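Below are the chains, spelled out letter by letter.
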Amino acid sequence: MIRTIGRPLRLSSIFLNGRRSISYTKALSSDDIPSHFRASAIPHPLLAKPEKTMTFVHDESAAGDHTGLQQNHIYTQEELKECISDQPRHKPVTLMDHIMNKVMYGLYHTFNFVTGYSPVNPTVKAMQWRLIVLESVAGVPGFVAAGFRHFKSLRTMKRDYGWIPTLLEEAENERMHLLVCLRMFEASYITRTMVVAGQMVMTPLLMAVYLVNPKAMHRFVGYLEETAVHTYINVISHAETPDTNLHNAWSKLPAPALAKGYWKLSDDATWVDTLKCMCADEAHHRDVNHTFAGMKSDDPNPYLEHHKTNASRAWRIQEVSPKQ
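Computed from a prediction, not measured in an experiment: that's the story for all the values here.

**Q** I tried to follow the pattern of salt bridges on my own but got confused; where do I start?
**A** Two side chains carrying opposite charge are able to pair once their charged atoms lie near each other. In the structure shown here, the tally under the stated rule is 7 salt bridges. The residue Arg 149 makes a salt bridge to Asp 160 at a minimum N-O spacing of 2.6 Å. In this pair, Arg 149 sits in helix 5 (residues 124-156) while Asp 160 sits in the loop between helix 5 and helix 6 (163-184), placing the two residues 11 residues apart along the sequence. Exposure remark for Arg 149: the relative accessible area of 9% places this residue in the buried category. We classify Asp 160 as buried; its relative accessible area is 11%. One salt bridge in this structure joins Glu 240 and Lys 276, with 2.9 Å as the shortest N-O distance.

In structure tokens:
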């Protein structure tokens, strides 16, 4: 469900440094217009090394601000409550649905065993390991699908019907989940090895599946996100239940600055608030991929207006209560 805050702002086109840009009706002052990199002290982004560019980021909330760049959804409390209370599951219909369902849930139980995860009072160590590996793998399918559709559009010289932005936003969103988790706990060498191995296995496998049957991969990801939502809800429940492992360790932890900037959270937001936003993101990816699995490849993407609403909401929040 998409909600908007107030009246939508009118958009107008302007040109900055020879490129077309979208601006809200608020007039731009000379200070708002970015200088060319040669006229500024900031090194060119394609030449600067990471350690140099990061010196110009004052805090992590600024680094997490994705306004206008694959804008993620900014949730209201009502939306978060709805996500946690509503957990729909897709029932397999076709033979391919059944195959993808069995494969996914087979991997799910294997992953539980490897990470030592138990739905009953899970340990903090198991959840740290699980979240890092899960988010590193979850960031692969969206980018794979977007890449295939991108090259197909170039190769056939036909439009993509709006799927690519949604797929890239999904991949970027999962990558941000990983970075947020890494602000909360360290990744051991074993965890990093698992991430590399998982990427080496999953990437060519998903590419092969998408090459043969794109709908099958979207259905697989839909089932993957169902398990992710189930895991997050279980984690949130334990983190809010006194005398559990997660409650004792996580209930009073503040949200990292990166999360506050990404989801526009309040200054007093907690780590549990961050987990709720991540859960809602996974629920959205679940719905998107199950939707794509039931569409033809040349059907128009029904989520384009969702992206526009996200960007509009983020801009309004930034105008009302700027972080910097």
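**Q** I keep staring at helix 7 (residues 189-212) and nothing clicks. Help me out?
**A** Helix length check: helix 7, at 24 residues, gives a terminal C-alpha distance of 35 Å against a target of 34 Å (1.5 Å per residue), a fit within 8%. Thr 191, Val 195, Gly 198, Met 202, Leu 206 and Tyr 210 are the residues of helix 7 that are buried. Against helix 5 and helix 8 (214-239) lie the buried residues of helix 7.

**Q** In this structure, what is going on with the packing of helix 6 against helix 11 (residues 271-293)? I would like to understand it.
**A** Geometrically, a packed helix pair is captured by the angle between its two axes and the distance between the axes. The contact between helix 6 and helix 11 brings their axes to 11 Å, and the two run at 155°. Of the possible angle classes, the one that applies to helix 6 and helix 11 is roughly antiparallel. When you trace helix 6 past helix 11, the crossing you get is left-handed. Of helix 11, the residues touching helix 6 (which contributes Trp 163, Thr 166, Leu 167, Glu 169, Glu 170, Asn 173, Glu 174, His 177, Val 180, Cys 181 and Met 184) are Trp 271, Thr 274, Met 278, Asp 281, Glu 282, His 285, Val 288, Asn 289 and Phe 292. Classifying every residue of the contact of helix 6 with helix 11 gives 9 nonpolar, 6 polar and 5 charged.

**Q** What exactly am I supposed to notice about the packing of aromatic side chains here?
**A** We describe a pair of aromatic rings using the distance from one ring centre to the other and the angle between the two ring planes. As enumerated under the stated definition, the model contains 8 aromatic pairs in all. The interplanar angle of 15° and the centroid separation of 4.2 Å between the aromatic rings of Trp 163 and Phe 292 together place this pair among those described as stacked. Note that Trp 163 is positioned in helix 6 and Phe 292 in helix 11, a separation of 129 residues in sequence. On the basis of relative accessible area, Trp 163 is assigned to the buried category, the value being 2%. Assessed through its relative accessible area of 1%, Phe 292 is described here as buried. With a centroid separation of 6.1 Å and 15° between ring planes, the pair formed by Phe 185 and Trp 250 is classed as stacked. Of this pair, Phe 185 sits in the loop between helix 6 and helix 7 while Trp 250 sits in helix 9 (residues 245-250), placing them 65 residues apart in sequence.

**Q** Which parts of the structure should I look at to understand unusual backbone geometry?
**A** Peptide bonds are trans in most cases, and residues, glycine excluded, mostly fall at negative phi. A positive phi angle is found at Asn 121, which is not glycine, with a value near 45°. Considering the arrangement of structural elements, one finds Asn 121 in the loop between helix 4 (95-115) and helix 5. Taking relative accessible area as the criterion, Asn 121 reaches 30% and is therefore assigned partly exposed. One non-glycine residue, Met 157, lies in the positive phi region at around 60°. Turning to its location among the elements, Met 157 is positioned in the loop between helix 5 and helix 6.

**Q** Looking at this structure, how should I read empty space enclosed by the protein?
**A** Enumeration according to the criterion identifies 1 cavity of 30 Å³ or more in this entry. Within this model, the largest cavity holds a volume of roughly 60 Å³. What lines the largest cavity is simply Asn 72, His 73, Tyr 75, Glu 169, Asp 281, His 284, His 285, His 306, His 307 and Asn 310. At the level of elements, helix 11 and helix 12 (304-320) are the ones that each hand at least two residues to the lining of the largest cavity. Here the residues of the lining of the largest cavity are counted per class, giving 1 nonpolar, 7 polar and 2 charged.

About the criteria used
Residues numbered from 1 in each chain as written. Predicted model: local features only at pLDDT ≥ 70, side-chain atom pairs only at ≥ 80, totals over all residues. Heavy atoms only, no water. Salt bridge = Lys/Arg side-chain N within 4 Å of Asp/Glu carboxyl O. Helix = DSSP H or I, 4+ residues; strand = E, 2+ residues; numbered from the N terminus. Buried < 20%, exposed > 50% of the residue type's maximum accessible area, 1.4 Å probe, protein only. Expected span 1.5 Å × (residues − 1). Contact = heavy atoms within 4.5 Å. Axes fitted to C-alpha atoms, helices over the stretch in contact; angles between N-to-C directions. Parallel < 35°, antiparallel > 145°, perpendicular 65-115°, else oblique. Left-handed = near helix turned anticlockwise from the far one by under 90°. Nonpolar A, V, L, I, M, F, W, Y, C, P; charged D, E, K, R; others polar. Phe/Tyr/Trp six-rings, centres within 6.5 Å; stacked < 30°, edge-to-face > 60°. 1 Å grid on protein atoms, 1.4 Å probe; cavity = no way out; pocket = protein on both sides within 12 Å on 5 of 7 lines; lining within 4 Å. Points joined across faces, edges and corners; volume = space filled by probe spheres on them.

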